[in-house]
Amino acid sequence: MRKDAFDAVTLEILWRRMISAADEAAKTLQRVSFSTLVNESNDFACVVTDASGASLVQNTESIPSFNGCLPITVRHFLDVIGTKDMKQGDFLVCNDPWVGTGHLNDITIAKPVFFKGELVAFCASTAHAPDIGGKVRSVVAREIFEEGFAIPAMHMIREGEANATFFQLLRAAVRTPDQTEGDIWAQVTALNLMEERLHALMKEYNLSSFDAFADEIHGRCETAMRKAFKQVPDGSYNFGFKTDGLTEPFNFNVTVRISDDTVHVDWTGTSDQVDRAINCPAVYTFAMTSYALKCIFLPDLPNNEGVFRSFTMHAPKRSLVNPERPASVGGRMATGHYLPTAIFGALAKALPEKIMAASGSPLWSIIQTGVDDEGKPTANTLFFNGGSGATANTDGQSCYSWPSNISNVPIELTERNTPFFVERKSLREASGGEGLKRGGDGQEIVLRHSGKRNIGIIFMAERLRHPAHGLLGGEAGAPGEVLIDGNSADVRADHIISPGQTITLKLPGGGGYGQA
């Protein structure tokens, strides 16, 4: 490899070319995937790491949480499988929540990239599977064993030869075998494309590895983050709030300690883990913590390992944000999506111009299971977004995905793929909190079961009792509501819906910013 330091122009070209490779792979994955979770909802990410598993780049429109989790999974492959058992043409797979993305539904696949016989990088992708078996992210699950098909770190393809036993077991365990397997092969296609682009880049610039490139961008990004940390006076910044919880509310508490160019985020004081599928493994907590800090300090900085190395984090064991096995974790985003809001609240007084009021998140979803009118097993996931919080300069966005990057599924596809007829989908006017800047509005959706058979319904919904708070004098957004045939529904329970029944979702608005 070239021994000289990269000049600024060459470094930028290499960096942008690598990001472009991830973006091209992401578009390929979307176009050839089988499920709407990938091709419509954008619930996936593609990344490139160096040979040690340190993040280099990810696709531009990726899921923020996946950006922080994927490199951890790659390093887990290195720890468990090791480089001696990795060959050209291998694909590794895992969905372990504690080293993956926090729940079984996201399948991570990594391809070791070799150049002239040496391991130089990993291309990796995580995508939300249309079904993984089990209770389909039902909150009522009490242990991970109830939540679906678990995949330890293993070879899915070895030197180009697919593991037929793996695919047989997977197809037998899920409700949507064609879609679930089809999305996996779409990931394989995307990773092959990324590998081709990396090989072309190395040949063009006469590179034998990415080590020097990685050191350069990691060092620059870490230095930039630490320089930004110095803008805040030294001290401990604390914030806490309550969320809907189960029978009793959950407590979220965070302390951000800043000393010179160091930041330590401590989640001590957050509620203990529970025997319901709403716990959030530490890997996801770390990813959401990283995302919040980057949003505040350097939102335009490309994401990579340099950002992750710029701070430290503590999450108490056996807490909601660091549960121990065999805790159930299917609905981990119902906890994890609150974490950026907590960090924003902690730093609001120190950096008021960079902070957003609370949003009408976590992400809402309906998971529908059963058999269709022809008797074929089905599973569908529909995502919905509330309003985002206002900032010092702008009103909140309506029906906006934050802190995830999940799109709403179009009405036409909802009616094509599910037994639902969409009777109404509209803005929930005036649901955003008042303030100098208003919070974004939520939305209202009415779904009628137009099929011929009963179906199972699982709700993932938050902020029904504790709405999105305002900031610096702004008012809270409107709380959400979930109704079945006009009656309030228990979102912590599973439901059976008969033909003709209706579901009404009233998504929460975002908090306002400043005195009105």
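As the structure is a prediction and not an experimental result, all values here were calculated from the model.

> How would you explain the environment of Cys 221 if you had to name every residue and give the values?
By the element assignment, Cys 221 lies in helix H6 (residues 211–229). Looking at Cys 221, the relative accessible area reads 1%, which means it is buried. Once you skip the residues sitting within four places of it in the chain, Cys 221 turns out to touch Trp 15, Leu 301, Pro 302, Asn 304, Gly 306 and Val 307.

> Account for the layout of surface pockets, with residues named and values stated.
Taking a probe equal in size to a water molecule and rolling it over the atoms shows the remaining empty space. In this model, the largest pocket occupies a volume close to 960 Å³. Of all the secondary-structure elements, those providing two or more residues to the lining of the largest pocket are helix H1 (8–32), strand E2 (55–58), helix H3 (64–80) and helix H7 (282–297). It is H7 that contributes the most residues to the lining of the largest pocket, 4 residues altogether. When the residues that make up the lining of the largest pocket are grouped by side-chain class, the tally is 15 nonpolar, 16 polar and 6 charged. In terms of domain composition, the lining of the largest pocket takes at least three residues from each of domain 1 (8–219) and domain 2 (356–516). Approximately 670 Å³ is the volume found for the second largest pocket.

> Give me the lowdown on the pairing of strand E9 (residues 250–259), citing residues and values where you can.
Across 9 bridges, the pairing between strand E8 (residues 235–243) and E9 is antiparallel. Each residue of the ladder has a partner; that of Lys 242, found in E9, is Asn 251. Taken together, E8 and the strand that follows it, E9, pair antiparallel across an intervening segment of 6 residues, in which Gly 245 is found at a positive phi of about 65°. Relative to strand E10 (residues 262–266), E9 is paired through 5 bridges, and the arrangement is antiparallel.

> So what's going on with the sheet that holds strand E18 (residues 487–488)? Residues and values would help.
In spatial order, the strands read E14-E15-E20-E17-E18; together these 5 strands make up an open sheet with antiparallel pairing. Two strands bound the open sheet, and with one partner strand each, they are strand E14 (420–428) and E18. When E14 meets strand E15 (residues 442–449), the two strands line up antiparallel, connected through 8 bridges. Paired with Arg 428 across the strands is Gly 442, a residue of E15.

> Outline the side chain of Thr 49, supporting the account with residue identities and numerical values.
Residue placement: Thr 49 occurs in strand E1 (residues 44–50). With a relative accessible area of 0%, Thr 49 lands in the buried category. Look past the residues within four positions of Thr 49 in its chain and what remains in contact with it is Ala 54, Ser 55, Leu 56, Pro 71, Val 74, Ala 121 and Phe 122.

Parameters and conventions
- Residues numbered from 1 in each chain as written.
- Predicted model: local features only at pLDDT ≥ 70, side-chain atom pairs only at ≥ 80, totals over all residues.
- Heavy atoms only, no water.
- Helix = DSSP H or I, 4+ residues; strand = E, 2+ residues; numbered from the N terminus.
- Buried < 20%, exposed > 50% of the residue type's maximum accessible area, 1.4 Å probe, protein only.
- Contact = heavy atoms within 4.5 Å.
- 1 Å grid on protein atoms, 1.4 Å probe; cavity = no way out; pocket = protein on both sides within 12 Å on 5 of 7 lines; lining within 4 Å.
- Points joined across faces, edges and corners; volume = space filled by probe spheres on them.
- Nonpolar A, V, L, I, M, F, W, Y, C, P; charged D, E, K, R; others polar.
- Domains from an automatic or database assignment.
- Pairing = 2+ DSSP bridges.

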